[in-house]
Amino acid sequence: MTSRNHQLFERAQQTIPGGVNSPVRAFRAVGGTPRFITRAAGPYFWDADDKKYIDYIGSWGPMILGHSHPAVVAAVQAAAATGMSYGAPTEAEIEMAELLCACLPSLEMVRLVSSGTEATMSAIRLARGFTGRHAIVKFEGCYHGHADSLLVKAGSGLLTFGNPTSAGVPPEFAQHTRVLAYNDPTQLETLFAEQGNQLACVIIEPIAGNMNLIRPNPDYMQRLRALCDEYGVVLIFDEVMTGFRVGPQGAQGHYGIRPDLTTLGKIIGGGMPVGAFGGRADIMQAIAPLGSVYQAGTLSGNPVAVAAGLTTLKLLQAPGFYAQLSQQTQSLINGLQSLAGKYGIAFSADAVGGMFGLYFSAQIPTTLAAVQASDIARFNRFFHLMLDGGVYFAPSAYEAGFVSIQHDEAVIAQTLTLAEQAFATLASA
Ligand code: PMP
């Protein structure tokens with residue numbers, strides 16, 4: 001059934017560690033053979049056996065317009081035809097910076113990089129350089145890319161594989177990283193009371209998506225902002241996933257909180273490698289060549305990548321885009337919830353904008369511990385039942401899912417028909 005995928009996986013493992021270039025792709029948590037993708041269009045992609053799937057990962061977030069959007073493809077082709085990379089500035093980068101700053105009021109200045117990892121790594125260095133302090137704060141289960149000081153009790157693949165702190169990070173590097181439980185106000189108060197004056201920054205996923213989807217309590221977020229103000233700590237919202245995903249102004253718009261710095265990625269590259277960090281001008285001016293915090297990139301602001309990102313961002317400005325995206329995502333999660341209920345399955349689901357979480361637990365989790373206490377084995381069975389039927393959800397109970405504007409009612413209905421069979425099978429098992 002998956003013969004060509006299987007052959008490719010065998011072959012891949014000879015030269016690529018685990019057969020993949022990013023760990024969660026390997027299906028280690030859910031078992032089975034990863035699907036090797038050959039092409040994609042709209043809400044679908046096809047694997048090496050030419051099996052078609054409804055895609056609910058969308059490259060882990062970027063493909064909000066659906067795959068192979070004609071305007072994005074045309075922009076990329078036109079840019080490539082006039083040069084792949086110059087290593088010198090272009091007007092399109094200014095346009096991109098202006099659009100990002102116009103969309104997110106907290107961005108006064110912004111710099112482009114080539115991945116989310118680079119964005120968070122650079123934002124942290126900047127916060128340290130600006131404040132002259134070493135210590136940083138992150139939250140257990142949040143993933144901010146794979147920079148050393150952030151690979152401590154991290155989410156995503158680290159959580160999925162039960163090894164939340166990476167090997168290869170010297171204790172001396174990690175000793176400056178303080179880790180708090182997400183949504184725990186007591187821990188937050190205690191840390192600030194004891195060490196507030198030594199903290200350079202707090203980095204947070206302002207809606208978490210790397211320990212499945214977890215919303216922060218709004219009061220908790222307000223208190224975090226107030227404490228950072230009180231102690232002169234740079235508040236970094238890592239909106240690599242949530243930026244332009246949960247709404248037009250990301251999670252900061254959703255919660256009405258202005259972070260000092262924001263990191264972006266995924267959607268702003270439209271499927272090409274782009275990241276960004278930006279925020280308060282006084283902080284951003286500490287970066288080279290204006291200031292003494294160094295940060296650079298051979299391919300930063302790459303013209304082909306910027307063409308994809310800029311075209312994507314412009315299309316998101318269409319009136320009603322986010323209302324429609326939210327409505328489609330809601331009909332997916334409401335449908336799943338009611339079908340699970342029909343078959344007596346302990347299941348809940350949540351969504352913000354075009355990002356969703358599925359949990360095999362009766363209540364929507366608000367903590368990492370609650371996600372860990374959900375029925376992960378049942379999720380894994382559900383994942384495979386759906387995959388066999390042609391619906392590709394994230395291959396881990398610790399990841400969020402993504403809906404594109406191309407996931408219309410017919411696509412959602414098809415998903416729900418299949419989910420009904422899957423829930424029925426789970427109920428009878
Ligand atoms: N921050 C968050 C919140 C993310 O979700 C991710 C990637 N999933 C990153 C940072 C790292 O981005 P990248 O994989 O582009 O390096």
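Please read these numbers as outputs of a predicted model, since none were measured by experiment.

A. Representation of the site of the ligand. With respect to spatial proximity, 17 residues lie near the ligand, and among them Ser115, Gly116, Thr117, Gly145 and Val240 are the closest. Of all the elements, helix H4 (residues 116-131) adds the most residues to the shell around the ligand, at three residues.

B. Looking closely at unusual backbone geometry. With an omega dihedral of 10°, the bond running from Ala288 to Pro289 counts as a cis peptide bond. With respect to the helices and strands, Pro289 occurs in the loop between helix H10 (281-284) and helix H11 (303-316). Within the chain, Ser156 stands out as a residue other than glycine whose phi angle is a positive 55°. In this fold, Ser156 is placed in the loop between strand S5 (135-139) and helix H5 (157-160). Of the residues examined, Ser156 has 26 C-beta atoms within 10 Å and is grouped as buried.

C. Local environment of the packing of helix H2 (residues 70-81) against H11. Between H2 and H11, whose axes approach to 8 Å, the crossing angle comes to 155°. In this view, H2 runs roughly antiparallel relative to H11, as classed from their interaxial angle. Relative to H11, H2 is oriented so that their crossing is right-handed. In this structure, H2 uses Ala71, Val72, Ala75, Val76, Ala78, Ala79 and Ala80 to contact H11, whose residues at the interface are Pro303, Val304, Ala307, Ala308, Thr311, Thr312 and Leu315. Residue classes in the contact of H2 with H11 are distributed as 12 nonpolar, two polar and no charged.

D. Representation of the UniProt feature "modified residue: N6-(pyridoxal phosphate)lysine" (unreviewed entry) in the protein in the model. Mapped onto this structure's residue numbering, the UniProt feature "modified residue: N6-(pyridoxal phosphate)lysine" (unreviewed entry) falls at Lys266. Exposure remark for Lys266: the 27 C-beta atoms within 10 Å place this residue in the buried category. Excluding its chain neighbours within four sequence positions, the residues that come into contact with Lys266 are Trp60, Gly61, Pro62, Gly116, Val240 and Met241.

E. The packing of helix H7 (residues 185-195) against helix H8 (residues 218-231), seen in detail. Where H7 contacts H8, the two axes come as close as 11 Å, and the packing angle between them is 0°. For the element pair H7 / H8, the angle class is roughly parallel. In contact with Pro185, Leu188 and Phe192 of H7, H8 contributes Tyr220, Arg223, Leu224, Leu227 and Tyr231.

F. Focus on H11. Helix length check: H11, at 14 residues, gives a terminal C-alpha distance of 20 Å against a target of 20 Å (1.5 Å per residue), a fit within 8%. Along H11, 11 of the 14 residues are buried, which leaves the element largely enclosed by surrounding structure. Within H11, burial applies to Val304, Ala305, Val306, Ala307, Ala308, Gly309, Leu310, Thr311, Thr312, Leu313 and Leu316. The elements touched by buried residues of H11 are H2, helix H3 (91-103) and helix H12 (321-342).

G. Representation of the domain arrangement of the protein in the model. Domains assigned within the protein are domain 1 (3-68 + 321-428) and domain 2 (71-316). Computed over C-alpha atoms, the centres of domain 1 and domain 2 are 25 Å apart. In this assembly, 32 residues from domain 1 lie in contact with 36 residues from domain 2. If you list the elements that add at least two residues to the side of domain 1 that touches domain 2, you get H12, strand S11 (348-352), strand S12 (355-359) and helix H13 (368-372). With four residues, S12 is the largest single contributor of residues to the side of domain 1 that touches domain 2. Taken together, the residues of the side of domain 1 that touches domain 2 break down into 20 nonpolar, nine polar and three charged.

H. Region of the structure containing the nonpolar core. Core analysis: the largest hydrophobic core is formed by 125 residues, its most contacted members being Ala127, Cys201, Val202, Val234, Ile236, Ala276 and Phe356. Of all the elements, H11 adds the most residues to this core, at eight residues. Each of domain 1 (3-68 + 321-428) and domain 2 (71-316) gives at least three residues to this core. Leave out the neighbours within four places in its chain, and Val234 touches Ala127, Phe130, Thr131, Ala200, Cys201, Asp260, Leu261 and Ile283.

I. Here's a closer look at the sheet that holds strand S1 (residues 37-41). One open sheet accounts for four strands, arranged S1-S2-S3-S13; its pairing is mixed. The strands lining the two open edges of the sheet, one partner per strand, are S1 and strand S13 (391-392). Note that strand S3 (residues 52-55) and S13 share two bridges and pair parallel. Note on S13: the bridge partner recorded for Ile54 is Val391.

Each value, and the rule that gives it
- Residues numbered from 1 in each chain as written.
- Predicted model: local features only at pLDDT ≥ 70, side-chain atom pairs only at ≥ 80, totals over all residues.
- Near = placed C-beta within 6 Å.
- Helix = DSSP H or I, 4+ residues; strand = E, 2+ residues; numbered from the N terminus.
- Buried ≥ 20, exposed ≤ 12 C-beta atoms within 10 Å, placed from the backbone.
- Axes fitted to C-alpha atoms, helices over the stretch in contact; angles between N-to-C directions.
- Parallel < 35°, antiparallel > 145°, perpendicular 65-115°, else oblique.
- Left-handed = near helix turned anticlockwise from the far one by under 90°.
- Contact = placed C-beta atoms within 7 Å.
- Nonpolar A, V, L, I, M, F, W, Y, C, P; charged D, E, K, R; others polar.
- UniProt positions renumbered as here; feature names shortened; annotations may be inferred.
- Expected span 1.5 Å × (residues − 1).
- Domains from an automatic or database assignment.
- Core = buried A, V, L, I, M, F, W, Y, C linked by C-beta atoms within 7 Å.
- Pairing = 2+ DSSP bridges.

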